Amino acid sequence: MSRSGSGIAFVCGDQILLLKRSSNVGSPGTWAPPGGNVENGETPLDAAIRESDEEILNVPSRYVITGEYQFKNPSIDYTMYVAHVLRKFKPKLNWENTDSSWVKISQVDKYELHPDFRLGIEKIRRMDNAVS
């Protein structure tokens, strides 16, 4: 049985916020938006918001979710929400991540992406409303 996960890809203009995963979590050293497991009783959106708030201690209070994509593989059913912010912000990170970067969506392939996020970045690129 696969587990469920979700996250939020924060986008500002043509850039996406990526976090570099620490050695304390799975797939250390890879880059991805904040996200994690959906806990019992949570919706994917509830989990995405909780995970973002845990990993980024200063998530802006205003953002607009403009899209979502879902994918399944043998290990996880994942929902990624795309959220637009008005201004880029410097995340205050918890222990799960060691660095952050606003990256042009067209340039994310230059980063060592988390394997599951790599599967979804093409879907974000194809969303009409993902890049403003």
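The numbers attached to residues start from 1 for each chain and follow its sequence in the written order. Local features in a predicted model are, by the rule used here, given only for residues with pLDDT of at least 70; side-chain atom pairs are given and counted only at 80 or more, and totals for whole chains, interfaces and linings are based on all residues. Side-chain numbers come from the whole structure's heavy atoms, not from hydrogens or water.

(A) Layout of the side chain of Thr79. Labels follow the DSSP assignment, with helices taken as runs of H or I lasting at least four residues and strands as runs of E lasting at least two, numbered in each case from the N terminus. On the secondary structure map, Thr79 appears in strand E6 (residues 76-84). Classification of residues uses two cut-offs on accessible area relative to the type maximum, computed with a 1.4 Å probe and protein chains only: under 20% is buried, over 50% is exposed, and between them is partly exposed. Classification of Thr79 by relative accessible area gives buried; the value is 6%. Here, two residues are considered to be in contact whenever any of their heavy atoms come within 4.5 Å of each other. In contact with Thr79, not counting residues within four places along its chain, are Gly5, Ser6, Gly7, Pro44, Glu68, Tyr69 and Gln70.

(B) Just the pairing of E6, in detail. Of all nine residues making up E6, eight are buried, and the element is well covered by its neighbours. The rule for pairing is simple: two strands pair if DSSP sees at least two bridges between them. Where strand E1 (residues 3-12) lies against E6, nine bridges are found, and the strand directions are parallel. Bridge pairing in E6 links Phe10 to Ala83. Connecting strand E5 (residues 64-72) to the next strand, E6, in antiparallel fashion are three residues.

(C) Region of the structure containing helix H1 (residues 44-55). Taking 1.5 Å as the rise per residue, H1 with twelve residues should run 16 Å; its terminal C-alpha atoms sit 16 Å apart, in good agreement. All of the buried residues in H1 are Ala47, Ala48, Arg50, Glu51, Ser52 and Glu55. Buried residues along H1 sit in contact with E1, strand E2 (15-21), strand E4 (35-37), E6 and strand E7 (97-104). Under the convention used throughout, the expected extent of a helix is 1.5 Å for every residue step, that is, one less than its residue count.

Don't take any of this as a statement about function, it's just geometry.
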